[in-house]
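# Examination of the molecular architecture
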Amino acid sequence: MAMITLKRIITRKFDMRSHWQKGTSFYFSRRPPFNWFFFCLTIFLVLILILGSYSYSFDSEDESSVPDVYSKHVTVRNQVVADYLELRHFEPNRYKVFDLCGKERENHVPCYNVSANMMFGFKDGEELSRHCEVSKDPKFCLVRPPKDYKIPLTWPGGRDVIWSANVKLTKDQFLSSGSMTKRLMLLEENQISFSSEDETIADSVKDYSKQIADMIGLATDVEFHAAGVRNVLDIGCGFGSFGAHLLSMKMMAVCVAAYELTGSQVQVALERGLPAFIGDFTSRQLPLPSLSYDMVHCAQCGISWNDKDGIFLIEVDRILKPGGYFVVTSPGKVQVSKGSISCPFEQFTKKLCWTHVSQREETFVWKKATDAQCFTSGKQTYPICEGETGQTYYKPLEQCVSATNSKHWIPLRNISSLSTSPAQLALHGINPEDFSEDLQLQRVALNNYWSLLSPLIFSDHPKRPGDEDPVPPYNMVRNVMDMNARYGAVNTALLEARKSVWVMNVVPLGERDTLAFILDQGFAGVSHNWCEPFPTYPRTYDMLHAEGLLSHIASKKCSIVDLIFEMDRILRPEGWVIISDKVGLIEKTRSLVTKFRWEARMIDLHNGSDKRLLHSPKSIPLKSDAALASPEAILLCFRLEAEMAA
């Protein structure tokens, strides 16, 4: 009798599953359908029958059959309960994905809503700045690529040629006057080329770089390292040709430019595989620590340095290391006095204790003071800032000089080795054992990641067992973001492995502030609050690495659902996401990302920890996919957020 009952239970269970797979949604309908009530009642009756069959079997079977029936009963009961829990979370929308946003959001950057900023009262250029507190963006949809979007060419070919449809750049903007490096490109049928057969473009950039080197007393730009210049912040970089040249000499050149609706310098630079992020000097400091760059460069960058009593120059001074160089190429906008009367620009530089090094036609070079005592010597200078604490994260610009009493006030010096020294670790208060342990962990992890992804990310040259990783131009990964960089160990491991990538090292707000140490190693990086969108354009990174970031977001009571939407926005089609975190968060995230068209796999690290690895490629979105309507998406996000927080 018990066996007959169990067969009926199993049959009914699978009948129920097939029925619900054909049913309609009960999560988003206005009123729960009758079959949902019938389902709950059926489950309740099934459990009663199971418990009843257990007692009945002992009364009606002989003693020899009891152990066998009991074991089968327990197995089936556990399976029924497990299936019930699975069915409870099941609905037809489980296999649907979020809908694509409209065409108007193809190049959407959250927090840069100009019209909303103007309505809120921002003006004088500040309406173009980042205001996440104003631009709330509740739409739960996936930013689509442009109609004719193509996967970027592999590095280094993609540095010199990009697909014109991938960036929002009109022909008129291309031909219009602007930055010197903006004009150094050629427009073809469906491509933009940054080189020519006669190498006129490359030669002009090289000549410009050699001119700057000569102006600071060097024989050639190859000697920048000998002068202590290893990282350069390129303000208003045009489309990155100067930075591309510096990168070829093993220097780190990072482009920073204001948000632009079209013709974005940052978008084009990233499309070329060059480091860049959105930022401006209008009213707030850049998310960079004081004393972090060896050189700041501005070639027709559009900033009026004479405005606001030199407050923009003060921000440059904050970022520059002692003895660092400020290079400006700006026809007619920068002048140096030739008599007793000085221009405002020169007055400001004197108040900053800068030294005018050289002038060559329209290019000027200043050098920051190496001795902080200049500001206490009684000269007419800007006041010294007081009470500098915490990470620099879009703080208001200040009319005072920063970090004069900092232990990091160290003049530029020749750095012959790229390895991190014990003195450097001590300067930044980093335990050598912690640093070594983190670096070794990332070396092993990188080897595992690359072994896992190599057959997939090298399309032109598939890797065979025992072969070395293919060398450029076969490398499909170029722009990498470490979303929780800590000491920059992922960046170091990639360099040691000779991967042709660059890494945007992000130090989350609230975590230990290691950004100064990361930049001191010659890497790219910024501070960022991951409860907000990142300042970049859509489809700008090939790989996102996030270790412990989900736990960080959960501790901040922020939305993991919003974080996944943001990761999807900045990741290129066919790009990769690698997330390492606690098993519970990974399991929930895996179920979430299936609705983003991600093909997620969860991997046990087998290292005795409670962490798991989630890796996933982002597929190219197709409009034909079954998609959630807007009201459904909003309700689904609320439910997913509740499940992630549980």
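Residues numbered from 1 in each chain as written. Predicted model: local features only at pLDDT ≥ 70, side-chain atom pairs only at ≥ 80, totals over all residues. Heavy atoms only, no water.

On to the sheet that holds strand E18 (residues 611-617). With mixed pairing, seven strands are arranged side by side in an open sheet as E14-E13-E12-E15-E16-E18-E17. Every other strand in the sheet has two partners, leaving strand E14 (524-528) and strand E17 (601-604) as the edge strands with one partner each. This sheet shows a mean twist of 20 degrees between the axes of neighbouring strands, independent of strand direction. Relative to strand E16 (residues 571-582), strand E15 (residues 541-547) runs parallel, the two sharing six bridges. Bridge pairing in E16 links His545 to Ile578. Contacting strand E12 (479-482), E15 and E16, helix H17 (residues 560-570) crosses the sheet at an angle of about 145 degrees to E16. (Pairing = 2+ DSSP bridges. Helix = DSSP H or I, 4+ residues; strand = E, 2+ residues; numbered from the N terminus. Axes fitted to C-alpha atoms, helices over the stretch in contact; angles between N-to-C directions. Contact = heavy atoms within 4.5 Å.)

Looking at the secondary structure, you find Asp148 in the loop between helix H4 (114-119) and helix H5 (157-160). Beyond its immediate stretch of four places on either side in the chain, Asp148 contacts Ala165 and Asn166.

The subject of this paragraph is the pattern of salt bridges. Enumeration according to the criterion identifies 14 salt bridges in this entry. Residues joined by salt bridges that share partners form a network here, namely Glu271, Asp542 and Arg572. (Salt bridge = Lys/Arg side-chain N within 4 Å of Asp/Glu carboxyl O.)

Successive residues of a regular strand alternate their side chains across the two faces of the sheet. Judged from the five bridges that link them, strand E10 (residues 355-360) and strand E11 (residues 363-367) form a sheet pairing that is antiparallel. Bridge pairing in E11 links Gln359 to Phe364. Once E10 ends, the chain turns through two residues before running back antiparallel as E11, passing Glu361 with a positive phi of about 55 degrees.

Here we take up the pairing of strand E9 (residues 320-329). Counting buried residues along E9, ten of its ten residues qualify, which places the element largely inside the surrounding structure. Crossover strand E8 (residues 293-299) to E9 through helix H10 (residues 311-319) is right-handed. Relative to E11, E9 runs antiparallel, the two being bridged by five bridges. From the neighbouring strand, Val327 faces E11, where its bridge partner is Val365. (Buried < 20%, exposed > 50% of the residue type's maximum accessible area, 1.4 Å probe, protein only. Right-handed = clockwise from strand over helix to strand, strands pointing away.)

We now examine the packing of aromatic side chains. The tally for this structure, following the rule as stated, stands at 19 aromatic pairs. The interplanar angle of 20 degrees and the centroid separation of 5.9 Å between the aromatic rings of Phe364 and Trp366 together place this pair among those described as stacked. The class for Phe364 is buried, based on a relative accessible area of 3%. Both rings, one in Phe565 and one in Phe596, keep their centres 4.6 Å apart while their planes meet at 65 degrees; by these two values the pair is edge-to-face. (Phe/Tyr/Trp six-rings, centres within 6.5 Å; stacked < 30°, edge-to-face > 60°.)

Bringing the environment of Pro396 into the picture now. With respect to the helices and strands, Pro396 occurs in the loop between E11 and helix H12 (422-427). In contact with Pro396, other than residues within four places in its own chain, are Ser283, Arg284 and Gln285.

As a packed pair, H17 and helix H18 (residues 583-593) sit with axes 11 Å apart at the nearest point and diverge in direction by 55 degrees. With respect to H18, the axis of H17 lies oblique. Every pair of crossing elements has a handedness; the one defined by H17 and H18 is right-handed. Of H18, the residues touching H17 (which contributes Ile560, Val561 and Ile564) are Leu585, Thr589, Leu592 and Val593. Looking at the contact of H17 with H18, its residues break down into six nonpolar, one polar and no charged. (Parallel < 35°, antiparallel > 145°, perpendicular 65-115°, else oblique. Left-handed = near helix turned anticlockwise from the far one by under 90°. Nonpolar A, V, L, I, M, F, W, Y, C, P; charged D, E, K, R; others polar.)

The biggest cluster of nonpolar side chains holds 104 residues, and the ones touching the most others in it are Trp305 and Phe326. Looking at which element gives the most residues to this core, the answer is H17, with seven residues. The contact partners of Phe326, leaving out residues within four places of it in the chain, are Val296, Trp305, Leu313, Val316, Leu320, Phe345, Trp354, Phe364, Val365 and Trp366. Residues Ile216, Leu218, Phe242 and Ala253 belong to the second largest nonpolar core, which totals 22 residues. (Core = buried A, V, L, I, M, F, W, Y, C linked by side-chain atoms within 4.5 Å.)

All right, on to unusual backbone geometry then. Cis geometry marks the peptide bond from Trp155 to Pro156, where omega comes out at 5 degrees. Here Pro156 lies in the loop between H4 and H5. In this model, Glu361 sits at a positive phi of 55 degrees, which is unusual for a non-glycine residue. Within the element layout of this structure, Glu361 appears in the loop between E10 and E11. Among the residues examined, Glu361 registers a relative accessible area of 71% and is labelled exposed. Although it is not a glycine, Glu574 sits at a positive phi angle of roughly 70 degrees. Tracing the backbone through its elements, the reader meets Glu574 in strand E16.

Summed over the entire model, instances satisfying the criterion amount to seven disulfides. The disulfide partner of Cys101 is Cys141, and the gap between their sulfur atoms is 2.1 Å. The sign of the S-S torsion, about 100 degrees, decides the handedness of the disulfide formed by Cys101 and Cys141: right-handed. Taken together, the residues span a long stretch of sequence, with Cys101 in the loop between strand E1 (97-98) and H4 and Cys141 in the loop between H4 and H5 at a distance of 40 residues. As far as the burial class goes, Cys101 and Cys141 line up, both buried. The side chain of Cys531 participates in a disulfide bridge whose partner is Cys558; the two sulfur atoms lie 1.8 Å from each other. Its S-S torsion of approximately 80 degrees makes the covalent link between Cys531 and Cys558 right-handed. Taken as a pair, Cys531 in the loop between E14 and E15 and Cys558 in the loop between helix H16 (549-555) and H17 lie far apart in primary sequence, 27 residues in all. Cys531 gets classed as partly exposed once you look at its relative accessible area, which sits at 37%. (Disulfide = S-S within 2.5 Å.)

Quick look at the sheet that holds E10 now. Spatial strand order, E7-E6-E5-E8-E9-E11-E10: seven strands in an open sheet with mixed pairing. Each end of this open sheet is capped by a strand with a single partner; those strands are strand E7 (276-278) and E10. Strand after strand, the sheet turns through a mean of 20 degrees between neighbouring axes, direction not considered. Pairing geometry for strand E5 (residues 231-235) and strand E6 (residues 252-257), over five bridges, is parallel. If you follow Ile235 over to E6, its bridge partner there is Val256. Here helix H8 (residues 241-248) sits on the sheet in contact with E5, E6 and E8, set at roughly 160 degrees to E6.

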